[in-house]
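Chain by chain, the residues run as shown.
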Amino acid sequence: MRKSTILSLSFFCLLFLSSSLLSSNSMDSTYSIISDKQEKGKFKPDEDYPVQRHGFFFDRNQDGAVYPWETYQGLRALGAGVLLSAASTIFINIGSSQRTRPGKFPSLLFPLELRNVALAKHGSDTEVYDEKGRFNEEKFENIFRDYARTHSDALTASELREMRRGHKKPKDYFGWVSSWIEWTLTHHLFKDEHGLLKKDTVKGIYYGTAFEEKEKELKEKRKTSAKKSI
């Protein structure tokens, strides 16, 4: 591993730990639902490009850039554990930050710029998002037509694995890893009580609405649990 890479990773880890400690002082910001009424000057996703809405959930202060601590907070709000959230954050932000910042000098804060988040699209994916981040209905339907054999409206863990293999491109190692992380994390966080990933849920993930619903659901569960413990 190059010395510059090691230094970048070290800096990122220190930055990530310090920002996580600061954010832990305000759990409301970590678990805040995205407001429908954004303040003037805040970033607003383009409705024609659902990939922006998908990423916007993780933009906790709605400034148009997703920093590592925001990715971490978003994953925690969805129910991911500390280690899983931290590991996923490192891969997502370090692996994709610069691709969303064309023509700019690399930043050791590793932000993801939502206006250009479609540029972070990797190979060996489902191609449901096109190169501009628009939603392709036909590609989405193909996932369930080709791989949902046990249930027409849901995918099992084994069917997800088969789907990932079916979209692999030769020697696309980064794409393979990215796809594996994305779908493994998705299944872990959004599977139902039978271990199924429902079609409506997957579509909601592409549009970002499933993230908001999941955060709200977990927040309500915590409130209910807190009341019962009193």
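Rules behind the numbers
- Residues numbered from 1 in each chain as written.
- Predicted model: local features only at pLDDT ≥ 70, side-chain atom pairs only at ≥ 80, totals over all residues.
- Heavy atoms only, no water.
- Helix = DSSP H or I, 4+ residues; strand = E, 2+ residues; numbered from the N terminus.
- Expected span 1.5 Å × (residues − 1).
- Buried < 20%, exposed > 50% of the residue type's maximum accessible area, 1.4 Å probe, protein only.
- Contact = heavy atoms within 4.5 Å.
- Polar contact = N/O pair within 3.5 Å; in protein donor to acceptor, adjacent residues only side chain to side chain.
- Axes fitted to C-alpha atoms, helices over the stretch in contact; angles between N-to-C directions.
- Parallel < 35°, antiparallel > 145°, perpendicular 65-115°, else oblique.
- Nonpolar A, V, L, I, M, F, W, Y, C, P; charged D, E, K, R; others polar.
- Core = buried A, V, L, I, M, F, W, Y, C linked by side-chain atoms within 4.5 Å.
- Left-handed = near helix turned anticlockwise from the far one by under 90°.
- Phe/Tyr/Trp six-rings, centres within 6.5 Å; stacked < 30°, edge-to-face > 60°.
- Lys NZ or Arg CZ within 6 Å of the ring centre and 35° of its normal.
- 1 Å grid on protein atoms, 1.4 Å probe; cavity = no way out; pocket = protein on both sides within 12 Å on 5 of 7 lines; lining within 4 Å.
- Points joined across faces, edges and corners; volume = space filled by probe spheres on them.

(A) Summary view of helix 8 (residues 173-190). Counted at 1.5 Å a residue, the expected span for helix 8 with its 18 residues is 26 Å, and the 26 Å between its end C-alpha atoms agrees. Of all the positions in helix 8, only Gly175, Ser178, Ser179, Ile181, Trp183, Leu185, Thr186, His187, Leu189 and Phe190 are classed as buried. Elements that come into contact with the buried residues of helix 8 comprise helix 4 (68-77), helix 5 (82-96), helix 7 (157-166), strand 4 (197-198), helix 9 (199-207) and helix 10 (209-229).

(B) Structural view of the side chain of Asn93. Relative to the helices and strands, Asn93 is located in helix 5. Residue classification places Asn93 among the buried positions, given a relative accessible area of 0%. Here Val66 takes part through its backbone oxygen, which lies 3.2 Å from a polar atom of the side chain of Asn93. Excluding its chain neighbours within four sequence positions, the residues that come into contact with Asn93 are Val66, Tyr67, Pro68, Thr71, Phe110 and Leu112.

(C) Layout of the packing of helix 9 against helix 10. At a minimum axis distance of 5 Å, the contact between helix 9 and helix 10 shows a crossing angle of 105 degrees. What the angle tells us is that helix 9 and helix 10 run roughly perpendicular. Within the contact between the two elements, helix 9 uses Thr201, Gly204, Ile205 and Tyr207 and helix 10 uses Thr209, Ala210 and Phe211. Within the contact of helix 9 with helix 10, the residues separate by chemical class into four nonpolar, three polar and no charged.

(D) Region of interest: the nonpolar core. The biggest cluster of nonpolar side chains holds 35 residues, and the ones touching the most others in it are Phe190 and Tyr206. When contributions to this core are tallied by element, the ones reaching two or more residues are helix 3 (50-56), helix 4, helix 6 (137-147), helix 7, helix 8, helix 9 and helix 10. When residues no more than four places from it in sequence are discounted, the contact partners of Phe190 are Leu78, Leu196, Leu197, Thr201, Ile205, Ala210, Phe211 and Lys214.

(E) Spotlight on the packing of helix 6 against helix 9. Packing of helix 6 against helix 9 leaves a shortest axis separation of 11 Å and a crossing angle of 145 degrees. Regarding helix 6 and helix 9, the two cross each other, and that crossing is right-handed. Of the residues in helix 9, those in contact with Glu137, Phe140, Glu141, Ile143 and Phe144 of helix 6 are Lys199, Val202, Lys203 and Tyr206. Of the residues contributing to the contact of helix 6 with helix 9, the split by class is five nonpolar, no polar and four charged.

(F) Expanded view of the packing of aromatic side chains. In the structure shown here, the tally under the stated rule is 14 aromatic pairs. Consider the rings of Phe140 and Tyr206, whose centres lie 6.2 Å apart with planes at 90 degrees: the pair is edge-to-face. With Phe140 in helix 6 and Tyr206 in helix 9, this residue pair connects regions lying 66 residues apart in the sequence. You'll find Phe140 and Tyr206 in the same group, each marked buried. Clustering of aromatic rings is evident, with ring pairs tying together Tyr129, Phe135, Phe140, Phe144, Tyr206 and Tyr207. When the ring centre of Phe57 is taken as origin, the NZ or CZ atom of Arg60, which lies over that ring, is 4.8 Å away.

(G) Inspection of unusual backbone geometry at higher detail. Phi angles above zero are rare outside glycine, and Gln62 is one such case at about 55 degrees. Mapped onto the secondary structure, Gln62 falls in the loop between helix 3 and strand 1 (65-66).

(H) Inspection of empty space enclosed by the protein at higher detail. All chains considered together, the criterion is met by one cavity of 30 Å³ or more. If you go around the largest cavity, you meet 40 residues; those closest to its centre are His54, Ile92, His122, Tyr129 and Glu182. For the lining of the largest cavity, the secondary-structure elements that each account for two or more residues are helix 3, helix 4, helix 5, helix 8 and helix 9. Element by element, the count of residues in the lining of the largest cavity is highest for helix 8, at 10 residues. Partitioned by chemical class, the residues of the lining of the largest cavity number 24 nonpolar, 10 polar and six charged.

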